[in-house]
Every structure is written in structure tokens, then in C-alpha cells.
Amino acid sequence: VKLPPPMPSIVALTLVAYHVLLYFYPRSYRRAYGKEMAANTARHCHTAYRCAGAFGVVRWGVRLFGDTLRTAAGERVESFMQGQGDQPLNTHHNRVQHALVQVRQASLLMGFCCLLLFPATQLLHAALQGNAPIFEALTAAGLVVVILAASGTLVLLLAKHVYGLGKVLLNRTH
Amino acid sequence: VRKGPTDDPELAAVAGMVTPVVVDIMTALGDGDRHGYAIMQEVEERTNGAVILAPGTLYRTIKKMLVAGLIVEAGERPAPDLDDERRRYYHLTALGQRVAQAELHRLQRQVAAMEKKSLLKPLLGLGHVLSLRPYLWSAREANVP
């Protein structure tokens with residue numbers, strides 16, 4: 001049996017990172033296009049590696065990162081405005097439930113960004129012995145993300161309680 | 001199509017969504033059904049690498065075009081041994097073809113207007129000189145005055 005050639009580590013790393021990045025998209029979009037996007041990315045990564053080596057893959061990876069963040073943000077906004085495909089926003093119940101899901105996902109995403117950004121800035125800061133002001137600014141940005149993630153979770157908890165209370169009151173009035 | 005007045009209500013409904021990426025995808029599907037990666041490759045080859053559609057941009061635009069009815073998922077697929085089942089093939093609809101033609105007419109009008117205002121003359125002049133260069137060289141080699 002002839003085994004396929006081993007995948008270069010830079011290509012494998014890029015593909016793993018892209019699979020993680022796909023979680024930035026809403027679930028419905030990911031289900032519809034995620035597999036195809038990942039397959040296309042894999043093919044393009046192999047082509048880039050053949051043509052330009054590791055540099056080609058890194059260049060494509062940077063482009064993918066920017067493209068994914070931009071389009072995922074757009075899809076998130078659209079998903080929030082229009083509602084999920086299987087749950088139209090035709091009742092107050094669905095609207096509130098959808099808003100809560102979006103808040104929860106936004107806070108999770110912010111936490112994920114924080115996990116990536118914070119250690120990276122700390123490492124770079126340590127590597128340059130704390131002399132570059134840009135890394136001070138990045139560390140501050142990391143802290144802002146932590147605060148936003150925490151406040152997002154807080155809003156979620158509050159909204160859940162308020163929603164639960166409102167639901168009980170609505171049931172009583174009906 | 002873009003923001004121009006049109007009598008056709010169907011074209012007017014999709015007027016706002018005709019972006020350069022949409023035009024690139026419609027052009028790629030002009031000569032037959034293609035899957036997403038084939039569209040990426042066609043656009044890259046046709047533009048000599050000047051335009052590379054990243055997957056996020058490509059599939060987001062495809063989603064919008066599907067909703068607007070400019071393309072549909074093609075029913076026919078190649079033989080299973082030649083095909084990857086994850087792929088979906090896209091087909092340009094009649095509405096998509098009309099939108100592409102309207103965009104072509106808009107671009108032709110744009111070029112005509114630019115020519116009228118002498119905006120294209122220097123470029124065309126340079127193009128003519130460059131296109132005549134091989135003939136000039138061969139004339140010089142043959143000692144033709």
C-alpha cells in the first residue's frame with residue numbers, strides 16, 4: 001500500500017488554525033459552507049507550499065486570517081439582524097432567545113481572542129525586555145478584551161435572570 | 001446595474017449587490033457550472049493573480065447570490081470517481097445572465113463616456129504603440145522605411 005506523502009508541518013498548522021477560525025462564523029453558515037471552505041483552503045495551502053514554500057503558506061495564512069475575521073463579523077451582524085434560519089424572529093420569545101445566544105457567543109469569542117492575544121503580547125513584551133511602547137499598548141488592548149469578555153458574560157447572566165423573570169411574569173398575566 | 005435606473009423590477013431588486021466579486025463569479029460561471037475552488041482558480045488565472053478570492057469572501061458572496069437568485073446549485077455532477085462529494089457546483093441562472101449583460105452594458109457606457117472625455121486616449125495611444133512594436137521591429141530588420 002502506497003501511503004500519501006506526509007503533510008508539511010506549516011501546512012498542517014495553518015489548516016488546524018483555520019479550522020479553529022471557522023468557529024468565528026455563525027453555526028448555520030459553518031454547517032452550510034464550512035467543509036467546503038476548509039477543503040478549498042487545504043488545496044490552496046498545498047499549492048502555495050509547492051509554489052513558494054513556507055513563505056507562501058504564511059502569506060496565504062495572513063490573508064485568510066484577515067478575510068475570516070472580516071467576513072465572520074459581517075455574517076455575525078447579518079445573523080443577529082435576521083435571526084437563525086431554523087428560528088425566524090417573529091415572536092418576542094424568539095427575539096430575546098436569539099439575542100441571548102448572540103451575547104453568549106460574542107463573549108466566548110472575545111474570551112478566545114483574549115486567550116490568543118494576551119500570552120502573545122506578554123511573550124513579545126518579554127522578548128523585547130519591555131522597551132517597546134507598542135507592546136505596552138497591545139497589553140492594554142488585551143486587558144480591554146478581558147474586561148469586555150467579563151462584562152459580556154455579566155450582561156448574559158443579568159439578561160438571563162431578567163428574561164427568566166419576564167417569562168414568569170408573562171405566564172402569570174396570560 | 002449598479003445604482004442605475006432600470007425599467008426591469010427584477011434587475012432593480014438586485015442592483016445594490018453587484019460588486020466586483022459578484023461580477024468575477026458571474027464571469028467564471030459564464031461558460032459552465034463550477035464548484036467554489038474552480039471559481040477561485042478561474043478568477044486567479046484570468047486576472048494573472050491580481051485578484052485572489054479568499055474562501056470567506058467567496059462563500060459569503062455565493063450565499064448572497066443564491067439568496068438573490070443569481071445562481072443556483074447545479075443538479076448535474078461529474079462521475080463519483082472524478083468528484084469530491086463535499087463540493088457543490090453552481091449554475092448561473094437566467095436572471096444572473098441578465099444581470100451580467102446589464103453590467104456589461106453599464107461598463108461599455110462607462111468606457112464610452114471616458115473616451116468622450118478624453119480620459120482613455122493616453123492609455124489607448126500607448127497600447128497602440130506597444131501593439132505595433134513587433135511590426136516596427138520586423139520592418140526595421142527588413143530595412144523597410
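## Remarks on the sheet that holds strand E3 (residues 89-92) of chain B
- Spatial ordering of the open sheet is given by E1-E3-E2 (chain B), a layout of three strands whose pairing is antiparallel. Each edge of the open sheet carries a strand with a single partner, namely strand E1 (34-35) and strand E2 (71-73) of chain B.

## A look at the pattern of salt bridges
- Across all of its chains, the model carries eleven salt bridges over all chains by this definition.
- The residue Glu 36 of chain A makes a salt bridge to Arg 88 of chain B at a minimum N-O spacing of 3.2 Å. Residue Glu 36 of chain A is found in helix H2 (residues 27-82), and its partner Arg 88 of chain B is found in the loop between E2 and E3; the two belong to separate chains.
- Classification of Glu 36 of chain A as buried rests on a relative accessible area of 3%.
- Measuring nitrogen to oxygen at the nearest pair gives 3.1 Å for the salt bridge that ties Asp 31 of chain B to Arg 34 of chain B.
- Using a relative accessible area of 61% as the deciding quantity, one classes Asp 31 of chain B as exposed.
- A single salt-bridge network, built from bridges that share partners, covers Glu 75 and Glu 78 of chain A together with Arg 60, Lys 63 and Lys 64 of chain B.

## Describing the nonpolar core
- Grouped together as the largest cluster of nonpolar side chains are 46 residues, with contacts concentrated most on Ile 25 and Ile 39 of chain B.
- For this core, the elements supplying multiple residues, two or more each, are helix H1 (9-21) and H2 of chain A together with helix H2 (20-28), helix H3 (36-46), helix H4 (55-68), E3 and helix H5 (94-116) of chain B.
- Excluding residues within four positions of it along the chain, Ile 39 of chain B makes contact with Ile 25, Ala 28, Leu 29, Arg 34, Leu 58, Ile 62 and Tyr 90 of chain B.

## Some remarks on the interface of chain B and chain A
- Residue-level contacts link 19 residues of chain B with 22 residues of chain A.
- Where chain B abuts chain A, roughly 2,000 Å² becomes buried across the two surfaces, and 51% of that area is made up of carbon and sulfur atoms.
- Considering only the surface of chain B that becomes buried against chain A, Tyr 37, Tyr 59 and Arg 60 of chain B emerge as the three largest contributors, covering 34% of it.
- Between chain B and chain A we count five salt bridges in total.
- For Glu 75 of chain A, the salt bridge is made with Arg 60 of chain B, and the minimal N-O distance between the two is 3.0 Å.
- Broken down by secondary-structure element, the contributors of at least two residues to the side of chain B that touches chain A are H3 and H4 of chain B.
- Across the side of chain B that touches chain A, the residue classes tally to nine nonpolar, three polar and seven charged.

## So, the packing of aromatic side chains
- A complete count under the given rule lists three aromatic pairs over all chains for this structure.
- A centroid spacing of 5.8 Å and a plane angle of 45° characterise the contact between Tyr 33 of chain A and Tyr 59 of chain B, whose relative ring orientation is tilted. With Tyr 33 of chain A in helix H2 and Tyr 59 of chain B in helix H4, the pair connects residues from two separate chains.
- Following the ring pairs from residue to residue traces out a cluster consisting of Tyr 25, Tyr 29 and Tyr 33 of chain A together with Tyr 59 of chain B.

## So, the environment of His 35 of chain B
All names here are of chain B.
- Secondary-structure assignment places His 35 in strand E1.
- Residue His 35 is classed as buried on the basis of its relative accessible area of 10%.
- The spatial distance from the C-alpha of His 35 to the C-alpha of Tyr 90 is 6.0 Å, given a sequence separation of 55 residues.
- Apart from residues lying up to four places away in sequence, His 35 is in contact with Arg 87, Arg 88 and Tyr 89.

## Here's the deal with the pairing of E3 of chain B
All names here are of chain B.
- Strand direction decides the pairing type here: E1 and E3, joined by two bridges, are antiparallel. From the neighbouring strand, Arg 34 faces E3, where its bridge partner is Tyr 90.
- When E2 meets E3, the two strands line up antiparallel, connected through three bridges. Residue pairing across strands places Val 72 opposite His 91, the latter belonging to E3.

## Observations regarding the packing of H2 of chain A against H3 of chain B
- Where H2 of chain A meets H3 of chain B, the axes come as close as 8 Å, and the angle between the chain directions of the two elements is 40°. Between H2 of chain A and H3 of chain B, the crossing angle belongs to the class labelled oblique. From H2 of chain A, Glu 36, Asn 40, Arg 43, His 44, Thr 47 and Trp 60 of chain A reach across to H3 of chain B, where they touch Gly 36, Tyr 37, Met 40 and Glu 44 of chain B.
- Looking at the contact of H2 of chain A with H3 of chain B, its residues break down into three nonpolar, four polar and three charged.

## Topic: the side chain of Thr 93 of chain B
Residues and elements named next belong to chain B.
- Locating Thr 93 in the fold gives a position in the loop between E3 and H5.
- There is a polar contact of 3.1 Å between the side chain of Thr 93 and the backbone nitrogen of Gly 96.
- Ignoring sequence-local partners within four residues, the contact set of Thr 93 consists of Gly 69, Leu 70, Ile 71 and Val 72.

Criteria and thresholds
- Residue positions are given per chain, counting from 1 as you read along its sequence in written order.
- Going through the entries in the order they are written, you letter the chains from A and number the ligands from 1.
- Given that this is a predicted model, residues contribute local features only at a pLDDT of at least 70 and side-chain atom pairs are listed and counted only at 80 or more, while totals for whole chains, interfaces and linings are drawn from all residues.
- Think of the side-chain values as coming from all heavy atoms in the structure, minus any hydrogens and water.
- A pair of strands counts as paired when DSSP detects no fewer than two bridges linking them.
- The secondary structure listing takes helices from DSSP runs of H or I that are at least 4 residues long and strands from runs of E that are at least 2 residues long, numbered from the N terminus.
- Put simply, a salt bridge is a Lys or Arg side-chain nitrogen that is within 4 Å of an Asp or Glu carboxyl oxygen.
- For every residue, the accessible area (1.4 Å probe, protein chains only) is compared with the maximum for its type, and the residue is labelled buried under 20%, exposed over 50%, or partly exposed between those bounds.
- Note on terminology: a nonpolar core comprises buried Ala, Val, Leu, Ile, Met, Phe, Trp, Tyr and Cys residues joined through side-chain atoms within 4.5 Å.
- By definition in these notes, contact holds between two residues if any of their heavy atoms fall within 4.5 Å.
- Once two parts are put together, the accessible area they lose, assessed with a 1.4 Å probe and summed over both, is termed the buried area.
- Just so you know the grouping, Ala, Val, Leu, Ile, Met, Phe, Trp, Tyr, Cys and Pro go in nonpolar, Asp, Glu, Lys and Arg go in charged, and all remaining residues, Gly too, go in polar.
- Side-chain rings of Phe, Tyr and Trp (the six-membered ring for Trp) are treated as a pair once their centres are within 6.5 Å; stacked means planes under 30 degrees apart, edge-to-face means over 60, and tilted covers the remaining angles.
- Lines fitted to C-alpha atoms define the axes, with helix axes restricted to the stretch in contact, and inter-axis angles between N-to-C directions lie between 0 and 180 degrees.
- Angles are sorted into four bins: roughly parallel if under 35 degrees, roughly antiparallel if over 145, roughly perpendicular if 65 to 115, and oblique for all others.
- Think of a polar contact as two N or O atoms within 3.5 Å of one another; within protein, one of them needs to be a possible hydrogen donor and the other a possible acceptor, and neighboring residues in sequence only count if both atoms come from side chains.

Geometric descriptors of this kind do not, in isolation, establish any biological role.
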